[in-house]
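Letter by letter, the chains look like this.
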Amino acid sequence: MSHAPNSSTPAPRAEFSPYIADSQVQPELTARALLLGCFFGLVFGAVTVYVGLRAGLTVAASIPIAVLSISVLRALGRASILENNIVQTTGNAGQSIAAGVIFTLPALIFLGFDLEYIRIFVLALVGGWLGVFFMIPLRRQLIVEEHGQLAYPEGTACADVLLAGERGGGFASRVFWGLGLGGIYTLLQNENLLGAWPSEPNYQPRWMPGAAVRADATPEYLGVGYIIGPRVAGVIFAGSVLAWWVVLPAIHFFGALVPQPIYPGVVPIAQMTPSDLWAAYIRPMGAGAVAAAGILTLLRTLPTLLRALGSGIATLRGAANANSTRRTERDLSLPTVLLGSAALALCIVAFLTLKPIPGAQTSLAANIAAALLIVFFGFLFVTVSSRIVGLIGSSANPISGMTIATLMATAAIFLVRGWTAPAFGALAITIGGVVCIAAANAGDTSQDLKTGYLLGATPWKQQVALLVGVCVSTVAIGFTLSAMNRGLEEFHALDQPWSLSTQGAADGVTVEQMHFARRQFRVRSADGAASTLHGAAYMLLNAVGSRRLPDGKYLYDPRSGRIVAQWIPGIGSERAAAPQARLMATVVHGILSRQLPWGLLLLGVFLVVVVELLGIRSLSFAVGFYLSIATTLPIFCGGVVRWMIERAAQSTENAESEISPGSLYASGLIAAGGVVGLLGVALKLYESATGHFGLLQMPRGNFLDHDAVAMAAFVLLAASLYYFARKPLQ
């Protein structure tokens, strides 16, 4: 590859010769490539939702998909390198769409609305296709004309993997080892499956009330920590250590002396567990920290943003004259892009009008305004995202900062217009969600097209594959999101007197359902005892901004006049915290209602200022501060294994990379944890529907049911990661 000299006047671009020459014709957009890519899109889209909601971050899927594609297509008969490229292009769409969805759309749950499957599907589809359509006119400028200036690291690495596979490199066995061992471990560890040992060892020291250390010891967290590396994993864990071993004990130390609740808590601090303290006080502080860090990240990239926007506008002006007869330069036509984008905008208006969010009906004028805002912000941040990932890679793409900027601008417009009802909060999340999905998919689309450019792929065929991949993967993404919200839910027993006539909507508590729409549900008390209740006998209450009940949903028994249970949906619980979506809900609700716990939010903001003054990039630290230490500790363990491998490698030639043995094995662990974990969610849904609970679970108190066993098993899994990372690829 040629690199332009670093000067104000770039040298003429040298002619680039791809691996497959323009004159060569190979099988490319074949049925088997599309089908295999769609399968990987379904799997990795679902895995990304599962891991992203739990860990608060995602990892790239293009390289493991490429590795698996080489192995599968080789078993089915001789495959061309361009077919393998179509497989990874189609499959990778699922990962990028899933990332955009989980960062935004669960915010509807936090605002008190239902997250319907059809809504996830339509918004993800529209956002994904807009990301592809808006990026197509930019391809020639970013991928071709700036070939020496924009590296697109993930796209280049994926091309290297495909080239190595073409020349006989063998990688897939390492991924399959991770899938196999990680799957067996998850089957034994997951509380929805066998649950042979505690899924989350927990220690709360008596000598430091309010503190806790716990670990959700899953293979996907170990793999994520290995891939992101010791530096990022350490910064994330440092945020959690500060939250759980400094701030929480301090809150308990001073707050335990106060006999009454301290807002936003609704019970005295002396009666709160570390998890209660985290939910009431750390989450608002974490939301302020993540918002500040996201905005700082966006401001840091502002010069690049402005240059990218100017380049994008200039590229659009010349796109109509960019037609070429060369195979490797043919994109989908500009009329197709413009008509497709207009059709998607009309689709948004029609969907919001004909299928509004239940309880959030908005006018036709507001829906048209929403579509225009989506197109404006969508093109703006697709342009920015497509260029930024070429400079710093997809993993460092400040998607959350772009989405926060979109939501703040949208909510400010709504506030000026007087559109402050809860329905407009849901509409703002819809706008931000589609823009976030479009920007995330545009970044990965750019990486895929870079891979194709290096290999000599046909651009329009890749773009068709991307559109197909978006359409198929949204099926799995919507189902997984809905299944996790239901499968990871919990009902905690309460016994609190409540009068609907005197403690109703004025205190932020409203009746959402007169009869809870569940045939039955299982309630657990503090001592672990469980009982099954019938839903029709109870009313569903929704609390937002109440000073007597924490935000959430509650089951009320009108016969006794008491709240009998708190319903904690899976998304937003400690096991699937969805920190970015919680932040989006906080931003929108705070601007429209002008009611926020500003003291806690500002503590988070100035925490980020301190971290930045220390010379540390604050976004990872802020995410770690928000997440439970149960999530960040096993991620840190994966980073420690990576550090040990890097220390053992004596030369830079052996340094870890995205196609190293350890990274491939870690990718298998992530996939195994996600796939088998989702099987556990599906089993729990079946148990909830049939009333037969604990079908596979080993009995409590068995000889393995000890925290020490859980820790020993996790250490063995980490040892397997170290072993396979040190073992050279064959």
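Everything quoted here is computed from the prediction, not taken from an experiment.

## With respect to the overall build of the chain
Moving on, step 1. A count of helical and extended segments in the chain gives 22 helices and nine strands.
Moving on, step 2. The proportion of buried residues among the 730 residues of the chain is 58%.
Moving on, step 3. When contacts within the chain are restricted to residue pairs at least 6 apart in sequence, long-range pairs at least 24 apart make up 81% of them.

## Description of the nonpolar core
Moving on, step 1. By size, the foremost hydrophobic cluster in this structure holds 182 residues, and its most contacted members are L53, V101, F414 and L481.
Moving on, step 2. Contact partners of L53, with chain neighbours within four places excluded, come to T48, I102, P106, L481, M484, I571, A576, A577 and A578.
Moving on, step 3. Ranked by size, the runner-up nonpolar core spans 19 residues in total, among them L222, L669, L717 and A718.

## A closer look at a nonpolar patch on the surface
Moving on, step 1. On the surface, L42, Y117, I118, V475 and F479 cluster together into a nonpolar patch covering about 420 Å² of accessible area.
Moving on, step 2. Contributions of two or more residues to the nonpolar patch are made by α5 (117-135) and α16 (459-487).
Moving on, step 3. Mapped onto the elements, I118 comes out in helix α5.
Moving on, step 4. Classification of I118 by relative accessible area gives partly exposed; the value is 37%.

## Considering helix α9 (residues 219-255)
Moving on, step 1. The end-to-end C-alpha separation of α9 is 37 Å, well short of the 54 Å expected for 37 residues at 1.5 Å each.
Moving on, step 2. Of all the bends in α9, the largest measures some 120 degrees and sits at G229, one to four residues before the proline P230.

## A word on the pairing of strand β8 (residues 552-557)
Moving on, step 1. Counting buried positions over the six residues of β8 gives five, a clear majority of the element.
Moving on, step 2. In this structure, strand β7 (residues 539-543) lies alongside β8, joined through five bridges in antiparallel fashion. Within the sheet, the bridge partner assigned to L541 lies in β8 and is Y554.
Moving on, step 3. Turn length for the β8-strand β9 (residues 562-568) hairpin, with the two strands adjacent in sequence and antiparallel, is four residues, and the turn residue G561 shows positive phi of about 70 degrees.

## Some words on helix α8 (residues 172-189)
Moving on, step 1. Between its first and last C-alpha atoms α8 spans 25 Å; for 18 residues at 1.5 Å apiece the expected length is 26 Å, and the two agree.
Moving on, step 2. Every buried residue of α8 is listed here: A172, R174, V175, G178, G182, G183, Y185, T186 and Q189.

## Concerning the pattern of salt bridges
Moving on, step 1. Here the structure, examined in full by the defined rule, presents 13 salt bridges.
Moving on, step 2. For the salt bridge of R518 with E489, the shortest nitrogen-to-oxygen distance reads 2.7 Å. Of this pair, R518 sits in the loop between β4 (509-513) and β5 (520-524) while E489 is found in the loop between α16 and β3 (490-497), placing the two residues 29 residues apart along the sequence. E489 carries the same exposure label as R518, and that label is buried.
Moving on, step 3. One salt bridge in this structure joins R559 and D557, with 2.9 Å as the shortest N-O distance.
Moving on, step 4. Each of R54, D216 and E220 takes part in one network of salt bridges that share partners.

## Details of the packing of aromatic side chains
Moving on, step 1. If you walk through the whole model with that rule in mind, you get 22 aromatic pairs.
Moving on, step 2. Geometrically, the ring pair formed by F40 and F44 is edge-to-face, given 6.4 Å between the ring centres and 65 degrees between the ring planes. Of this pair, F40 and F44 both sit in helix α1 (residues 31-55), four residues apart, which is roughly one turn of that helix. In this structure, F40 and F44 share a single accessibility class: buried.
Moving on, step 3. Summarising the aromatic geometry, the rings of F377 and F381 are spaced 6.4 Å apart at their centres and angled 10 degrees between planes, so their arrangement reads as stacked. Placement of the pair is F377 and F381 together in helix α13 (residues 364-392), with a separation of four residues, close to one helical turn.
Moving on, step 4. Since its relative accessible area comes to 9%, F377 is described here as buried.
Moving on, step 5. Its guanidinium or amino end placed over the ring of Y538, R559 lies 5.6 Å from that ring's centre, counting from NZ or CZ.

## Looking at the environment of Y556
Moving on, step 1. With respect to the helices and strands, the residue Y556 is situated in strand β8.
Moving on, step 2. Considered as a pair, Y556 and V511 are 45 residues apart in the sequence and their alpha carbons are 9.4 Å apart.
Moving on, step 3. Every residue in contact with Y556, bar those within four places of it in the chain, is listed here: W498, L500, Y538, M539, L541, G561, R562 and I563.

## Side note on the packing of α5 against helix α12 (residues 334-354)
Moving on, step 1. At a closest axis distance of 10 Å, the pairing of α5 and α12 adopts a crossing angle of 155 degrees. Between α5 and α12, the crossing angle belongs to the class labelled roughly antiparallel. At the point where α5 passes α12, the crossing takes the left-handed sense. Contact residues: α5 offers I118, R119, V122, L123, V126, W129, L130, F133 and F134, while α12 offers T336, V337, G340, S341, L344, C347, I348 and F351.
Moving on, step 2. When the residues that make up the contact of α5 with α12 are grouped by side-chain class, the tally is 13 nonpolar, three polar and one charged.

## Description of the side chain of T48
Moving on, step 1. Inspection of the secondary structure assignment puts T48 in helix α1.
Moving on, step 2. T48 has contacts with L53, T58, Q95, A98, A99 and I102, leaving out every residue within four places of it along the chain.

## Description of the packing of α1 against α9
Angle between the axes and distance between the axes: these two values describe a pair of packed helices.
Moving on, step 1. Running from amino to carboxyl end, α1 crosses α9 at an angle of 80 degrees, the nearest separation of the two axes being 11 Å. Taken together, the axis directions place α1 and α9 in an arrangement best described as roughly perpendicular. Across from Y50, V51, R54 and A55 in α1, the residues of α9 making contact are E220, Y221 and V224.
Moving on, step 2. Its residues assigned to classes, the contact of α1 with α9 comprises five nonpolar, no polar and two charged.

## What about the state of the cysteines?
Moving on, step 1. In this structure the tally under the stated criterion is zero disulfides.
Moving on, step 2. Unpaired in terms of disulfides, C471 finds its nearest cysteine sulfur in C38, a separation of 8.7 Å.
Moving on, step 3. Classification of C471 by relative accessible area gives partly exposed; the value is 30%.

## Focus: the side chain of D557
Moving on, step 1. The topology assignment puts D557 in strand β8.
Moving on, step 2. Residue class for D557 comes out buried when judged on its relative accessible area of 9%.
Moving on, step 3. Of note is the side chain of D557, whose polar atom sits 2.9 Å from the side chain of R559.
Moving on, step 4. If sequence neighbours within four positions are ignored, D557 has contacts with A537, Y538, R562 and V564.

## Notes on the environment of S499
Moving on, step 1. As for its placement among the helices and strands, S499 is situated in the loop between β3 and β4.
Moving on, step 2. Residue classification places S499 among the partly exposed residues on the basis of a relative accessible area of 25%.

## Focus on the environment of Y626
Moving on, step 1. If you trace the backbone, Y626 turns up in helix α19 (residues 618-626).
Moving on, step 2. The class for Y626 is buried, based on a relative accessible area of 1%.
Moving on, step 3. Sequence spacing of Y626 and G286 is 340 residues, and the spatial spacing of their C-alpha atoms is 4.4 Å.
Moving on, step 4. Beyond its immediate sequence surroundings of up to four residues, Y626 is in contact with W278, R283, G286, A287, V290, A577, P579 and R582.

Calculation criteria
- Residues numbered from 1 in each chain as written.
- Predicted model: local features only at pLDDT ≥ 70, side-chain atom pairs only at ≥ 80, totals over all residues.
- Heavy atoms only, no water.
- Helix = DSSP H or I, 4+ residues; strand = E, 2+ residues; numbered from the N terminus.
- Buried < 20%, exposed > 50% of the residue type's maximum accessible area, 1.4 Å probe, protein only.
- Contact = heavy atoms within 4.5 Å.
- Core = buried A, V, L, I, M, F, W, Y, C linked by side-chain atoms within 4.5 Å.
- Patch = residues over 30% accessible without salt bridge, like charges linked within 9 Å, V, L, I, M, F, W, Y side chains within 5 Å.
- Areas by Shrake-Rupley, 256 points an atom, 1.4 Å probe, with all protein chains shown as cover.
- Salt bridge = Lys/Arg side-chain N within 4 Å of Asp/Glu carboxyl O.
- Expected span 1.5 Å × (residues − 1).
- Bend = angle between axes of the 7 residues up to and from the residue.
- Pairing = 2+ DSSP bridges.
- Phe/Tyr/Trp six-rings, centres within 6.5 Å; stacked < 30°, edge-to-face > 60°.
- Lys NZ or Arg CZ within 6 Å of the ring centre and 35° of its normal.
- Axes fitted to C-alpha atoms, helices over the stretch in contact; angles between N-to-C directions.
- Parallel < 35°, antiparallel > 145°, perpendicular 65-115°, else oblique.
- Left-handed = near helix turned anticlockwise from the far one by under 90°.
- Nonpolar A, V, L, I, M, F, W, Y, C, P; charged D, E, K, R; others polar.
- Disulfide = S-S within 2.5 Å.
- Polar contact = N/O pair within 3.5 Å; in protein donor to acceptor, adjacent residues only side chain to side chain.

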